[in-house]
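# Structural characterization, general
Residues per chain are reported as follows:
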Amino acid sequence: MPDVLKFHFDVDGSDFSSAGEASVLVKKKLRQLGYPADIIRKVSIAMYEGEINMVIHANGGTADVEVGEKDITIILKDEGPGIPDISLAMQEGYSTARENIRVLGFGAGMGLPNMKKYTDSMDIDTVIGKGTTITMKVNL
Amino acid sequence: MSKEYNSPGGHDCSSGYKHSVSLDVSKCKGCTTCLKRCPTEAIRIKDGHAVINSSRCIDCGECIRVCQYKAKKATHDDLSVINNYKYTVALPAPSLYGQFDNLDNIGYIIQGLLDLGFDDVFEVACAAELVSAYTRLYIKRSNVKKPVISSACPVITRIISMNYPYLCENIMPILAPVDIAAYLAREKVHKEHPEIDDKDIGIIFISPCPAKVSYVKNNFAGERNYISATVSVRDIYFALLDVMKKREGEEPPDLTETGIIGLGWASTGGEATAIFNQRYLAADGIENCIRVLDQIDNSDITNLDFVELGACAGGCVGGAMTIANPYIAQARLQSLKHYLPVSKNRPASEWIPDIFFNENTVTYNPYNLLSSDRQKAMQMMSKIEEIGEKLPKTDCGSCGAPTCMAFAEDIVKGEATADNCTVIMRQLFNEFLNNEHVVSVLKDYSVGADNKSDQITEVCDDAAE
């Protein structure tokens, strides 16, 4: 019996239409495992927002999901520009997304706030010019 | 049928759900066309033919549309069903009107239905206009979860109940137009012919879609199911051609009771535009609808009041039990609208009567649980991932499953064995042929073209020793 079930996804940075695919796949797997609707929703939204962020700001990255006994961990890793001011980025409505991304309906400044809102813990490890790793946990 | 199967129509009958998409095993070649197109991965090829997993099938009719051998069929009542009742009312779906070439007046169709032996006709489009009015009222309620999702397409409500627990509440709880039409038609008979017993009244729905047949068969409208039988637009179309021909040249009878809104329901966007509110989304085609639902589920589409989703391309005119190309049907409906008012049917009240609410609300019913024991489910999932990694990821379908991952799942569930994978088997065979001993034996036999298979068998026997 594995203690932790792990899933790995590559998030393609070049394509907006495929952003969110990993989140849909995780949702399907969690349904198969029989998790309750609210847990699935939390993981799915947090992951979806994270995926979109990686596509908008960091040209993609990787998403790892670990399903444990007590919690579900989502680790999003990118090699993007990093987040200069985390507290500013955490404000609802604040966005550095370019206009051409906003016209697509993204960049509303709700990504990070939503990720925090739907998870029980969120840790941001960011280095300017190197990349960002966000670790989120949803308690079971 | 060449073989006996314990389940009708190639269904495994595990869920108790009554389906209306079925398979003629004798026509099925076991090709992978439907396998690859099924949006819920409900089909497997076993023993050379397709098998539909009942608990996954959403009756969307995709497999009926794509089967080149016509092995997939929609099951529905035969036209002769009208002989079972003393008094029958036809309930034509508006999509029926788009099937006829050069038709300039709906009255010809209504007259045709009467000529076919129906005692009365109640157009579903009329009830659709009422539903549009009720939808406008319902959306304005303050306690309603937005976006309100249309309940008209039964494929959509079924897939929401299977996959989207959070969206179940968004489904509009008002009965679909056909249910309201059936209720009103039945009431009308009771009023005009009080001498006729309820059981002798046949309310016959003329449906473009197999999912509606299932909807009726499974009693999704609960106690409020007033439909007696469902026949197909296709069957009615051919029967109508004959009777309509006989009246050629006659003045069109002024019989239609519907306006533009009612007709609009037959194609994508018709229902949504009738809410008179720009905050709507209308999509069609099952794959597109699934994508839209995924995004709504992630709260990614905001500022929407209403969502109309139709599983068939083009909307109901694209149903698997129609004749005409959906876009041509839509163009014909367009031209029929020119002489109609916007709407002919308005509700008597500014509130929605209780009787028009569906008693059966849509509830989450996960269909693909690996095991009810979480530990066991985790174990199985881990095994699925492990096996999935080893599979070729060609998704060729030769094993009988639509994708390599679905195959891995089947193996873990004990529904398939790894040797069904032709790619793996070929690899093993090649390894076997390259085995030193086998190579030397092969040389001795100098395998020729004539009796190759016999010799290979011998080689295999030798190698086994």
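## Quick notes on the packing of aromatic side chains
Residues and elements named next belong to chain B.
- Inspection of every chain in the model, using the stated rule, returns six aromatic pairs over all chains.
- Measuring from centroid to centroid gives 5.6 Å for Y134 and F356, while their planes differ by 45 degrees, and the two rings are tilted. Note that Y134 is positioned in helix α4 (residues 124-140) and F356 in the loop between α12 (326-336) and α13 (374-390), a separation of 222 residues in sequence.
- Judged by its relative accessible area of 4%, Y134 falls in the buried class.
- Here Y237 and F238 contribute two aromatic rings whose centre-to-centre distance is 5.2 Å and whose plane-to-plane angle is 75 degrees, an arrangement assigned as edge-to-face.
- Accessibility expressed as a relative area gives 14% for Y237, which makes it buried.
- One aromatic cluster is present, formed by Y134, Y183, Y226 and F356 through successive ring pairs.

## Some thoughts on the environment of A283 of chain B
Residue and element names in this part refer to chain B.
- Position of A283 relative to the elements: it lies in strand β10 (residues 280-284).
- Taking the relative accessible area as the measure of exposure, A283 reaches 12% and is therefore buried.
- For A283 and A313, which are 30 residues apart along the polypeptide, the C-alpha to C-alpha distance reads 8.8 Å.

## Details of the pairing of strand β3 (residues 49-52) of chain B
All names here are of chain B.
- Both strand β2 (residues 43-46) and β3 contribute to a ladder of four bridges, which runs antiparallel. Of the residues in β3, the one forming a bridge with I43 is I52.
- In this antiparallel pair of consecutive strands, β2 and β3, the connection spans two residues, and D47 shows a positive phi of 50 degrees.

## Some remarks on the interface of chain B and chain A
- On the side of chain A, 25 residues touch chain B, which itself brings 25 residues to the contact.
- For the pair chain B and chain A, the summed buried surface comes to about 2,400 Å²; carbon and sulfur atoms form 53% of the total.
- When residues of chain B are sorted by the area they lose upon contact with chain A, N298, M378 and M381 of chain B head the list and together hold 28% of the total.
- Between the two partners, chain B and chain A, sit three salt bridges.
- When the shortest N-O distance is used, the salt bridge between K29 of chain A and E385 of chain B registers 2.8 Å.
- In this assembly, chain B and chain A are joined by ten residue pairs in polar contact (both at pLDDT 80 or more).
- Those elements that place two or more of their residues in the side of chain B that touches chain A are α5 (154-163), α11 (286-297) and α13 of chain B.
- Sort the elements by how many residues they give to the side of chain B that touches chain A and α13 of chain B lands first, with eight residues.
- Tallied by class, residues from the side of chain B that touches chain A come to nine nonpolar, nine polar and seven charged.

Definitions and cut-offs
- Residues numbered from 1 in each chain as written.
- Chains lettered and ligands numbered in written order.
- Predicted model: local features only at pLDDT ≥ 70, side-chain atom pairs only at ≥ 80, totals over all residues.
- Heavy atoms only, no water.
- Phe/Tyr/Trp six-rings, centres within 6.5 Å; stacked < 30°, edge-to-face > 60°.
- Helix = DSSP H or I, 4+ residues; strand = E, 2+ residues; numbered from the N terminus.
- Buried < 20%, exposed > 50% of the residue type's maximum accessible area, 1.4 Å probe, protein only.
- Pairing = 2+ DSSP bridges.
- Contact = heavy atoms within 4.5 Å.
- Buried area = accessible area lost by both parts, 1.4 Å probe.
- Salt bridge = Lys/Arg side-chain N within 4 Å of Asp/Glu carboxyl O.
- Polar contact = N/O pair within 3.5 Å; in protein donor to acceptor, adjacent residues only side chain to side chain.
- Nonpolar A, V, L, I, M, F, W, Y, C, P; charged D, E, K, R; others polar.

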